Amino acid sequence: MKIYADNAATTKMSRTAIEAMLPYMSEIYGNPSSLHSEGQAAAEALSDARERIAKRLGCTAREIIFTSGGSEADNQAIITAAKMGEKKGKKHIVSTAFEHHAVLHALEALEKQGFEVTLLDIHDNGIVTADDVKNAIRPDTCLVTVMYANNEIGTVQPIGEIGAVCREAGVLFHTDAVQAAGHLEIDVIKENIDMLSLSAHKFHGPKGIGVLYAKKGIILQNLIYGGAQERGKRAGTENIPAIMGMAAAFDEACDKIEANSAKLCKLRDRLIEGLLSIPHSILNGDAEKRLPGNVNVCFEGIEGESLLLLLDDKGVAASSGSACTSGSLDPSHVLLALGRPHEVAHGSLRLSLCEENTAEEVEYIIEAVRDVVSLLRGMSPVWRDLESGKKEFILK
């Protein structure tokens, strides 16, 4: 059995998205900046996609900028707010310690330019509260950026409440909604969101295409210079096939949010129940305020990299909160921010389901993880020390 349970990393493109893209590769292939009929046909498609995506987010089409993905959108939003604040003598930014690196690394770059960044700690349930944000805002704060839903532990933040705090304080509010878009209902107006980032490949669209929503009145800082595409704020010929695929995938995902959520929550909760039946394990993040398909668990006495490789041998594609698979021995910054000790954070497993996963697959995953954890613990000198009492268990 082959089971894909790493949808937080990327999703399989839907048939709907693929079929939406095909005509714009072979038939309507003009450059939307060209005045001839082929170009204008592409321009009409571009306008249509922009309108459809804007409708889903609750904004206007002129507030939608197409980007190469979530990372570019995050960077453009953050740098824009920083430059706007700098002009007013405001160089303080509020964010959280468990943001995606697209945000954290952008903030680190701004710190080198003289900006001050406050990274809020997260509570042990993986949530940042509106009061946390309110207490961190200062007279010189130019931006608050808090992710909508965490990419590792799946916790959903109180975005509407945080947005209201920012609006009252007159501070720009950006949210990285890469994990949330297409999976949760989003309304940028109701939630007082000034800028928002999303990426198509997280909801069964193509890779390499995303969106930055920027509220009317925000003058975006260019990251790419060249032509006048995207109202002069993002140079480069628009990738019409990818944009049409993204629009189609987003429409489909948004139409099915309620049904998909109901199915996934049931699968997710059964998966959590099964994994927590393994001794000395713990769920990372709130059990309910989390994405419908996200499960993140730590197992004491094992290494996440070995767990992933052995699960792959059993046909289960998953990921770990540990960054060891990318060449680093450091555990996940998200789990450390959550308060997990290094030795526990290294034994993490993230399983992210989509609507194509089944109850049968969930049962298989539970048994596969149980077998692999038992095997790894049986080979671990650390586990022998824990069982013998030489070391004390952290996870009781």
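As shown above, the structure is provided for reference.
In short, a report on the structure. Computed from a prediction, not measured in an experiment: that's the story for all the values here.

1. Brief notes about unusual backbone geometry
Line of reasoning, step 1. Here the phi dihedral of Asn 192 falls at roughly 55°; this positive angle occurs in a residue that is not glycine.
Line of reasoning, step 2. In this structure, Asn 192 sits in the loop between β6 (172–176) and β7 (195–199).
Line of reasoning, step 3. Since its relative accessible area comes to 17%, Asn 192 is described here as buried.
Line of reasoning, step 4. Phi is positive for Glu 230, close to 50°, though the residue is something other than glycine.
Line of reasoning, step 5. Structurally, the position occupied by Glu 230 is in the loop between β8 (210–214) and α8 (240–255).

2. Things to note about the sheet that holds strand β4 (residues 116–120)
Line of reasoning, step 1. The seven strands lie next to each other as β2-β8-β7-β6-β5-β3-β4, forming an open sheet whose pairing is mixed. The outermost strands of the open sheet, each flanked by one partner alone, are β2 (64–67) and β4. Neighbour-to-neighbour, the strand axes of the sheet open up by a mean angle of 20°, direction not taken into account.
Line of reasoning, step 2. Of the pairings in the sheet, the one linking strand β3 (residues 92–96) to strand β5 (residues 141–145) comprises three bridges and is parallel in character. Bridge pairing in β5 links Val 94 to Val 144.
Line of reasoning, step 3. The sheet contacts of helix α4 (residues 70–87) involve β2, β3, β5, β6, β7 and β8, and relative to β7 the element is tilted by about 165°.
Line of reasoning, step 4. Packing against the sheet, helix α5 (residues 101–111) makes contact with β3, β4, β5 and β6, and its axis sits at approximately 155° to β3.

3. Let's talk about the pairing of β3
Line of reasoning, step 1. Among the five residues that make up β3, five are buried, leaving the element largely enclosed by the rest of the structure.
Line of reasoning, step 2. Alternating positions in β3 separate into two faces, His 92, Val 94 and Thr 96 on one and Ile 93 and Ser 95 on the other, with burial throughout.
Line of reasoning, step 3. Pairing analysis gives five bridges linking β3 to β4, with the strands arranged parallel. Its bridge partner being in β4, Val 94 is matched across the sheet by Thr 118.
Line of reasoning, step 4. For the handedness criterion, the β-α-β arrangement of β3, α5 and β4 is classed as right-handed.

Rules used in this analysis
- Residues numbered from 1 in each chain as written.
- Predicted model: local features only at pLDDT ≥ 70, side-chain atom pairs only at ≥ 80, totals over all residues.
- Heavy atoms only, no water.
- Helix = DSSP H or I, 4+ residues; strand = E, 2+ residues; numbered from the N terminus.
- Buried < 20%, exposed > 50% of the residue type's maximum accessible area, 1.4 Å probe, protein only.
- Pairing = 2+ DSSP bridges.
- Axes fitted to C-alpha atoms, helices over the stretch in contact; angles between N-to-C directions.
- Contact = heavy atoms within 4.5 Å.
- Right-handed = clockwise from strand over helix to strand, strands pointing away.

It is worth stressing that arrangement in space is one thing and function is another; only the former is reported here.
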